[in-house]
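Next come the chains, spelled out residue by residue.
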Amino acid sequence: MSTQRTKGKPNSAAGGGLSAAGEVRRLLETVLRLAKKTPAEETEVHVEEVDDSLTRFANNAIHQNVAERGITVSVRTLVDGRTARATTNRLDEDSLRGAIEASLSLAHSQPKDPRLLPVPGKQRYRVVNRVVKSSAAVRPEDRARAVRRACDLAIKNGQVAAGIFATGESQTVMGNSRGLLAAYRETHAEFSITMQEGAATSWAKANSADVRAFDPQKLAARASDKAHRALEPRELAPGRYTVILEPSAVLDLVGFLFYDFAATALADKRSCLNDRLGKPLFGKNISITDDAYHPLQLGAHFDGEGIPRQRVMLVDRGVPKNLVYSRRSARTARKVPTGHGLALPNEYGEAPMNLVFAGGTSSLHEMIASTDRGLLVTRLWYIREVDPYEKVMTGMTRDGLYLVERGKVTSAVRNFRFNQSLIEMLGNVELLGPAVRATGEEAFEMVVPAMKVRDVHFSEVTKF
């Protein structure tokens with residue numbers, strides 16, 4: 001085992017706001033100072049702080065408000081060709097010293113790693129600003145009013161609402177004994193709602209650094225309308241259908257591709273891109289970048305070792321062109337690190353965490369109008385990988401599946417199980433909507449478009 005976590009009394013009260021950047025930096029410097037008095041040859045420190053609040057509701061009423069504020073300090077030491085990490089949320093010097101000693105003890109128990117690299121030196125960063133004052137200023141009363149309006153809509157329409165409204169902010173500061181220092185801070189807000197009418201349900205969700213980027217009432221109205229439309233679903237035969245995937249449905253499928261673009265996955269023969277790089281694989285209308293600086297993204301502009309994230313073109317008009325590299329995989333492949341390494345020690349190497357799919361200009365309305373017969377999918381769930389190389393996924397539709405006939409939505413449909421290759425799917429995309437920040441339940445947030453796809457395979461009807 002190469003990581004350890006220690007806990008103690010809460011290090012701060014909930015709801016008090018984040019610490020000043022200078023305070024967090026002094027905490028990091030304290031750890032580095034203490035580490036100099038130990039056998040550690042090199043030391044890396046991550047300080048993570050969150051101040052999050054959440055209002056949860058069900059049965060048309062708020063039933064829980066929670067607030068969490070806390071700081072964790074994670075220490076990685078390198079000694080004699082070995083490395084390990086220990087984490088604590090106790091901030092007194094004795095506890096910080098204890099975390100350093102725990103990291104060293106764990107490191108001594110590891111085998112030597114001949115490929116272990118020293119920590120990197122100072123880096124230059126492109127500044128990103130994802131702190132929005134209106135998000136940081138949201139109060140419990142503000143969230144409660146928004147939830148109340150959503151629940152009032154449900155009551156008016158004879159429905160039952162459940163969901164969450166969360167807001168908060170976080171910051172990350174990391175540094176090491178070679179002088180590297182990196183800091184990132186963001187605000188975030190999220191609203192998710194499920195509406196139920198009889199046995200029918202639908203769902204809507206959004207998140208952003210800016211709480212003003214979405215309207216909880218509009219999300220509630222969308223879920224309410226789709227829940228009503230989902231009453232009395234028809235049962236269709238399994239088979240291949242033209243499908244219009246809303247952005248959340250696209251996200252939860254293509255999210256399973258992200259690790260395939262890791263150089264370590266390719267080297268380990270665990271990527272669907274093995275023997276396929278540089279060759280046409282998807283449709284010519286599919287282009288994918290990893291871009292931490294895209295205005296719709298969240299997340300730090302540096303990776304787990306403090307290397308600046310680079311914008312990487314992963315797929316260019318259907319052709320997989322590039323991978324992302326950690327320092328270690330870049331050294332092996334004689335490439336330049338792209339700033340996508342995960343915090344060490346880890347077995348995965350790296351991953352692109354800020355995927356952006358190039359979009360098109362077709363609205364959902366236009367996709368529906370252009371479809372003679374097909375299915376409109378709100379979202380998917382319980383997705384599992386069946387064939388890693390062909391990227392065959394299985395899962396089920398949920399919270400709103402509708403039949404499209406002669407350019408109009410005509411009825412609800414009983415949910416299906418699908419078995420579908422993502423490679424095949426991304427070769428059959430007929431129309432793309434504008435790329436938006438999408439959020440779902442099966443994958444982390446990405447910037448993706450809605451898609452109209454032909455010949456999606458549904459293998460059986462589900463029992464709900």
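Details of the structure are given in the entry above.
Residues numbered from 1 in each chain as written. Predicted model: local features only at pLDDT ≥ 70, side-chain atom pairs only at ≥ 80, totals over all residues. Heavy atoms only, no water.

Engineer: Please clarify how the overall build of the chain should be interpreted in this entry.
Structural biologist: Summing up its helical and strand segments, the chain has 10 helices and 20 strands in all. Here the C-alpha atoms of the chain give a radius of gyration of 24 Å, agreeing with the 23 Å that 2.2 N^0.38 yields for 464 residues. Evaluated residue by residue, the chain yields a buried proportion of 56% over its 464 residues. Restricting to contacts in the chain with at least 6 residues of sequence separation, those with at least 24 account for 73%. (Helix = DSSP H or I, 4+ residues; strand = E, 2+ residues; numbered from the N terminus. Rg over C-alpha atoms; globule rule 2.2 N^0.38 Å. Buried < 20%, exposed > 50% of the residue type's maximum accessible area, 1.4 Å probe, protein only. Contact = heavy atoms within 4.5 Å.)

Engineer: I keep staring at helix α6 (residues 247-254) and nothing clicks. Help me out?
Structural biologist: Residue pairs spaced three or four apart in an α-helix point in one direction, given the helix's 3.6 residues per turn. Counting buried positions along α6 gives 8 out of 8 residues, so the element sits mostly inside the fold. All of the buried residues along α6 are Pro 247, Ser 248, Ala 249, Val 250, Leu 251, Asp 252, Leu 253 and Val 254.

Engineer: Would you mind showing me how to read unusual backbone geometry here?
Structural biologist: Only a minority of non-glycine residues have a phi that is not negative, and only a minority of peptide bonds are not trans. Look at the link from Leu 344 to Pro 345: it is a cis peptide, with omega at -5°. Looking at the secondary structure, you find Pro 345 in the loop between α8 (327-333) and β12 (355-357).

Engineer: I would appreciate a short explanation of the pairing of strand β7 (residues 200-208) in the present structure.
Structural biologist: On a regular strand, one side chain projects to one face of the sheet and the next to the other, so that they alternate. For β7, the buried fraction is high: 8 of the 9 residues fall into the buried class. Here strand β6 (residues 181-197) runs beside β7; their pairing, made up of 9 bridges, is antiparallel. Bridge pairing in β7 places Phe 191 opposite Ala 206. (Pairing = 2+ DSSP bridges.)

Engineer: How do you make sense of empty space enclosed by the protein when you look at a structure like this?
Structural biologist: Empty space among the atoms becomes visible once a probe the size of a water molecule is rolled across them. Under the defined criterion, the tally for this structure stands at 1 cavity of 30 Å³ or more. Around the largest cavity, the lining residues are Val 243, Leu 245, Leu 253, Leu 380, Phe 418, Gln 420, Met 425, Val 456 and Phe 458. Among the elements of the structure, β8 (239-245), β16 (416-421) and β20 (451-461) are those that each provide at least two residues to the lining of the largest cavity. Partitioned by chemical class, the residues of the lining of the largest cavity number 8 nonpolar, 1 polar and no charged. (1 Å grid on protein atoms, 1.4 Å probe; cavity = no way out; pocket = protein on both sides within 12 Å on 5 of 7 lines; lining within 4 Å. Points joined across faces, edges and corners; volume = space filled by probe spheres on them. Nonpolar A, V, L, I, M, F, W, Y, C, P; charged D, E, K, R; others polar.)

Engineer: Just to check I follow, could you spell out the packing of aromatic side chains for this structure?
Structural biologist: Centre distance and the angle of the planes are the two values used to describe a pair of aromatic rings. Taken as a whole, this structure holds 10 aromatic pairs when the rule is applied. Aromatic side chains Phe 57 and Phe 191 sit 6.2 Å apart centroid to centroid with 25° between the ring planes, which places their arrangement in the stacked category. Remark: Phe 191 occurs in strand β6 and Phe 57 occurs in strand β2 (residues 42-58); sequence separation between them is 134 residues. Here Phe 57 falls in the buried class, since its relative accessible area comes to 1%. Judged by relative accessible area, Phe 191 falls into the buried class, the value being 0%. Consider the rings of Tyr 241 and Phe 458, whose centres lie 6.1 Å apart with planes at 65°: the pair is edge-to-face. Linking Tyr 241 in strand β8 with Phe 458 in strand β20, this pair joins segments that are 217 residues apart in sequence. (Phe/Tyr/Trp six-rings, centres within 6.5 Å; stacked < 30°, edge-to-face > 60°.)

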